[in-house]
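# Analysis of the macromolecular model
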Amino acid sequence: MAAQPVRIDDPGDPRIAGFVSIRERDLTGRDGLFVAEGTVVLRMLGQAQARANGFAAEAILLLENRLAGMGEVLAAFPPSVPVYVAAQAVFDAIAGFHMHRGVLALGRRPAAEIGASLLGRLPETSLVLAGCGLSNHDNAGSIFRNAAAFGADAVFLDETSCDPLYRKAIRVSVGSVLTVPFARGRNSEAMLRDLAAAGFEIWGLSPRGAVPVAAIPAARRIALVLGTEGEGLPETILTSFRTARIPQRPGLDSLNVATASGIALYQIALAMGRVA
């Protein structure tokens, strides 16, 4: 298991420098590191590290009254991972605000995956999500949670989408960002062209979609494309690929993009025999 806990009494202790001022560091980046928050996410990080998928914990910081119930979770980490504990006042001073969860880990992200390498590893029968301009971290986290729940094989994000390894996105995803393969950083048009060239049937989700999502036929490979909250997918994408909508009662412009992803994923997973 992880190393024996070490008590921290000074918020300025250099050993916990990576945890200092979490909110500000969320905005400026951590040079290949990320913060995982909460027991469930810490457990997922331990499982990801055990599977050697590129994610690894650098250090763990716990509120002192949380340590007693963390034995099983900490057992998943190698002894090389230091575990620090602190009183509430010190913990809050380290984080920069009151943190009632009291469970943090500093993780190292794997090398950035480009779309081509991820595409090459997908199974012959695949269901993926493609995000264009997903700028809200809550939505990004929820989309990854939906992807995990309905067995999506990967998530592709364009260069304008937010980082799914932002602390809040990881928390909202309940750690699914650590288990669902993803690639991020390409131009949206190039990303979708690559998916189409790899044999994916591309379906853009839009309130103006041509057919209901229930009418999307099962196929060997399907990619559901999601646009940013409010504006949705750009016209260039809507006119280049087939589109589908989620029927709803009149009077409301559209569903939240994360909600829409869950409904559409369930429908397609059902058609592809991935859920009962």
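A brief structural summary. (Residues numbered from 1 in each chain as written. Predicted model: local features only at pLDDT ≥ 70, side-chain atom pairs only at ≥ 80, totals over all residues. Heavy atoms only, no water.)

Another aspect to go through is the sheet that holds strand β6 (residues 126-132). Strand order across the open sheet formed by seven strands is β8-β7-β6-β11-β9-β12-β10, with parallel pairing between neighbours. A single partner strand is all that each edge strand has here, and the edge strands are β8 (182-186) and β10 (211-212). The pairing of strand β7 (residues 154-158) with β8 spans four bridges and is classified as parallel. Looking across to β8, one finds that F156 is bridged to A183. Running at roughly 155° to β7, helix α6 (residues 137-149) makes contact with β6, β7, β8 and β11 (221-227) of the sheet. Helix α10 (residues 257-271) rests against β6, β9 (201-205) and β11 of the sheet, and its axis sits at about 165° to β11. (Pairing = 2+ DSSP bridges. Helix = DSSP H or I, 4+ residues; strand = E, 2+ residues; numbered from the N terminus. Contact = heavy atoms within 4.5 Å. Axes fitted to C-alpha atoms, helices over the stretch in contact; angles between N-to-C directions.)

Position of S176 among the secondary structure elements: in the loop between α7 (167-172) and β8. Exposure remark for S176: the relative accessible area of 5% places this residue in the buried category. At 2.9 Å, the side chain of S176 and the backbone oxygen of S173 are in polar contact. Once residues within four sequence positions are removed from consideration, S176 is found in contact with M44, F144, R145 and A148. (Buried < 20%, exposed > 50% of the residue type's maximum accessible area, 1.4 Å probe, protein only. Polar contact = N/O pair within 3.5 Å; in protein donor to acceptor, adjacent residues only side chain to side chain.)

Moving on, we get to unusual backbone geometry. Phi is mostly negative for residues that are not glycine, and the peptide bonds are mostly trans. Although it is not a glycine, A52 sits at a positive phi angle of roughly 55°. Relative to the elements of secondary structure, A52 occurs in the loop between α2 (39-50) and β3 (56-63). We classify A52 as exposed; its relative accessible area is 64%. Its identity as a non-glycine residue notwithstanding, V174 has a phi of 45°, on the positive side. Inspection of the secondary structure puts V174 in the loop between α7 and β8.

Joining two cysteines, a disulfide is a covalent bond between their sulfur atoms. Using the criterion set out here, one finds zero disulfides in the structure. Cysteine C132 is unpaired, with the sulfur of C162 as its nearest cysteine sulfur at 13 Å. Overall, C162 belongs to the buried group, its relative accessible area being 10%. (Disulfide = S-S within 2.5 Å.)

Across all of its chains, the model carries 14 salt bridges by this definition. A salt bridge links E37 to R167, with the nearest nitrogen and oxygen atoms 2.8 Å apart. A residue pair is termed long-range when its members are at least 10 positions apart, and E37 in strand β2 (residues 33-37) and R167 in helix α7 qualify at 130 residues. One exposure class covers both E37 and R167, and it is buried. With its nearest N and O atoms 3.2 Å apart, the salt bridge here joins D138 to K168. In this pair, D138 sits in helix α6 while K168 sits in helix α7, placing the two residues 30 residues apart along the sequence. On the basis of relative accessibility, which here comes to 32%, the residue K168 falls in the partly exposed class. Sharing partners across several salt bridges, the network here consists of E37, R101, R167 and R171. (Salt bridge = Lys/Arg side-chain N within 4 Å of Asp/Glu carboxyl O.)

Here we take up the sheet that holds β3. With mixed pairing, five strands are arranged side by side in an open sheet as β1-β4-β3-β5-β2. The two strands at the open ends of the sheet, each matched to only one other strand, are β1 (6-7) and β2. Bridge count between β1 and strand β4 (residues 83-86): two bridges; the pairing is parallel. For V6, the partnering residue across the bridge sits in β4 and is Y84.

This part takes up the environment of E113. Summarising the element assignment, E113 is placed in the loop between β5 (103-108) and α5 (115-121). Of the residues examined, E113 reaches a relative accessible area of 23% and is grouped as partly exposed. If we ignore the near neighbours within four places in the chain, the residues touching E113 are L118, R121, F182, A183 and R184.

Moving on: the pairing of β4. Burial along β4 is two-sided: V83 and V85 facing one way and Y84 and A86 facing the other are all buried. Looking at chain direction, β3 and β4 are connected through four bridges and run parallel. Pairing of L62 across the sheet is with V85, part of β4.

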